[in-house]
Amino acid sequence: MKPLVAIVGRPNVGKSTFFNRMIGERMAIVEDLPGTTRDRLYGDTDWNGRDFTLIDTGGLEFGNDIPVGQVGLHGQPGDLMNHVMDQVHLAIEEADVIVFLVDARSGITAADEEVAALLRKSNKPVILAANKADNAARRMDAVEFYALGLGEPIVISSIQGSGTGDLLDVIVEALPSREEMEEEDEEGITRIAIVGRPNVGKSSLLNGILGSPRSIVSDVPGTTRDTIDTSLEYEGRQLRIIDTAGIRRRGRVGPGVEKYSVLRSTRAIERCDVAVLLIDASEGLTAQDTHIAGIIQEQNKGVIIVVNKWDLAQEQRRAEREGVYARPDEEIESAEGYREIIGEGLKFLPYAPVIFASAKTGYHVKSILDTALQIADTRYLRIPTSRLNEMLREAVRRFDPSVIRSRPLKLYYGTQTRVNPPTFVFFVNDPQAVHFSYERYLENRLRETFSFKGTAIRMFFRPRTREERR
Ligand code: GDP
Ligand code: GDP
């Protein structure tokens, strides 16, 4: 998902001209929405290596449920102003960055003031741009837009193209970081990816899950060629299982199968809420398992580590004890041994629950599903800002970050910006002063206070001054 940049402003300030200029040869039109008055509303572009989508809100029409454009009133000033305000509301809700365009030729109008008042109250980054500044005199005049209380206007001429590069620089600077842009997905459907090396038991686990009595199954037409999605209802909830085993059954793949399985796992992980990583209990933790676990961690997903074929491992251990069967090279680990090996080998996933299971006998298969659902719920937790800041105050009281470093850290406040994965932004005096150990301390406080289970949590530290600029 790309960040969305909305152009707002009253009619005739040059929104469409500016938009069309930005949609130069490099930019591809992505889609035309029905019910719009202009043919081009959305366009993708990139600047300084960042991709984003630009939207010209001037072309949006709203349905009848929104009282704009009543019959006979088209073109009346009040009517138009409602329309503009609706566009601004929409931009505030939807966009990541808002470009507020004003007309340097006409100076500040009452409509500009009304829009500015609404934008000042929003929590979105707003960039003020004074268009139609075609000559030096107009560029000087544009200074008056300071009065709108949105900072320094960027002076541009959409017709001549002057100043637009500066404007793009400022837009790109205000975009959320790439990590913050990960999509929030269809609510209500929990997507579980079953991943792991070939032969760990992925298909067997899927079959075990589908065999459980309360599931209703339907195949979802493959979203990608390499994975097969299965939808089912489990305890009143919609699940989608992303299985990566499918393709292998169509024809055994020769050399390179392991490498290819990582590729398939990566795609499945990208699309899931919770990844179920299968490890073969009879073989132990391998480098390949660690590799896949690393991808899950990088993608900030929910995760369960399943030590599968536990029946087999138990049998092997019994045989070993009885001296019937022994593997001279390595011994089969106990559950405690496995916990240690996983704790050490996958220490970058300290929050991952470990389940010993058997896809073959059904042992703990239900528990895998139940845990996956709990983790999915955790990922959608929304912590009220007041409770978060209560926690922060308490955390700082216990362990004051300003006394541990030469560069003192002041933690002002925090807010949860996204769910799935839970994402927090903390406003501080100096992000450079946030020591790794303090970050980990805060993460642990978050996990303990709000019971985040089995999922990555993302934390960003922002200088407070930038927030105040908005
Ligand atoms: P919108 O309703 O805000 O989308 O405004 P338009 O893009 O349709 O532009 C309104 C009018 O202003 C058109 O006649 C444009 O040619 C003109 N216009 C747009 N940008 C500039 C500019 O930078 N300089 C001048 N002189 N005219 C401009
Ligand atoms: P995939 O390649 O990851 O999909 O693995 P499969 O589900 O095809 O399983 C590979 C082999 O391991 C098959 O022969 C399964 O019967 C066997 N297997 C899978 N799960 C278990 C288990 O829990 N216990 C035992 N004993 N065998 C299993």
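See above for the structure.
The following paragraphs examine the structure supplied in this document. (Residues numbered from 1 in each chain as written. Chains lettered and ligands numbered in written order. Predicted model: local features only at pLDDT ≥ 70, side-chain atom pairs only at ≥ 80, totals over all residues. Heavy atoms only, no water.)

Turning to the overall build of the protein, a few remarks are in order. Each helix and strand counted, the protein has 15 helices and 17 strands in total. Looking at the 470 residues of the protein, the share that counts as buried comes to 50%. Nonlocal contacts in the protein, meaning residues at least 24 apart in sequence, comprise 71% of its contacts between residues at least 6 apart. Surface summary for the protein: the accessible area is close to 22700 Å², and the carbon and sulfur share equals 49%. (Helix = DSSP H or I, 4+ residues; strand = E, 2+ residues; numbered from the N terminus. Buried < 20%, exposed > 50% of the residue type's maximum accessible area, 1.4 Å probe, protein only. Contact = heavy atoms within 4.5 Å. Areas by Shrake-Rupley, 256 points an atom, 1.4 Å probe, with all protein chains shown as cover.)

One broad rule of soluble globular proteins: the nonpolar side chains tend to lie buried together. Formed by 28 residues in total, the largest nonpolar core has its most connected members in V195, I296, I305, V307, W310, Y338 and I342. Of all the elements in the fold, those that place two or more residues in this core are β8 (189-195), α8 (257-271), β12 (274-280), α9 (287-298), β13 (302-308), α10 (310-322), α11 (335-345) and β14 (354-356). Among the elements that make up this core, the one with the highest residue count is α9 (four residues). Among all residues touching Y338, those that are not within four sequence positions of it are D280, A281, S282, E283, G284, V307, W310, E333 and F356. (Core = buried A, V, L, I, M, F, W, Y, C linked by side-chain atoms within 4.5 Å.)

All right, on to the site of ligand 1 then. Around ligand 1 sit 16 residues in total, of which N12, K15, S16, T17 and D134 are the nearest. Here V13 contributes a backbone N or O atom positioned 3.2 Å from an oxygen atom of ligand 1. K132 places a side-chain nitrogen or oxygen 3.0 Å from an oxygen atom of ligand 1. For ligand 1, the accessible surface in isolation is 570 Å², of which the surrounding protein chains cover 76%. The element contributing the most residues to the shell around ligand 1 is helix α1 (residues 15-22), with three residues. Residue classes in the shell around ligand 1 are distributed as three nonpolar, seven polar and six charged. (Near = heavy atom within 4 Å. Polar contact = N/O pair within 3.5 Å; in protein donor to acceptor, adjacent residues only side chain to side chain. Nonpolar A, V, L, I, M, F, W, Y, C, P; charged D, E, K, R; others polar.)

Another point: unusual backbone geometry. Negative phi characterises most residues that are not glycine, and trans characterises most peptide bonds. In the segment running from N420 into P421, the intervening peptide bond is cis, with an omega of 0°. Following the sequence through the fold, P421 ends up in the loop between β15 (411-418) and β16 (423-428). Phi at N199 takes a positive value of approximately 75°, unusual for a residue other than glycine. As for its placement among the helices and strands, N199 is situated in the loop between β8 and α6 (202-210). You can call N199 exposed: its relative accessible area is 51%. Positive phi, close to 65°, is recorded for K309, a residue that is not glycine. Summarising the element assignment, K309 is placed in the loop between β13 and α10.

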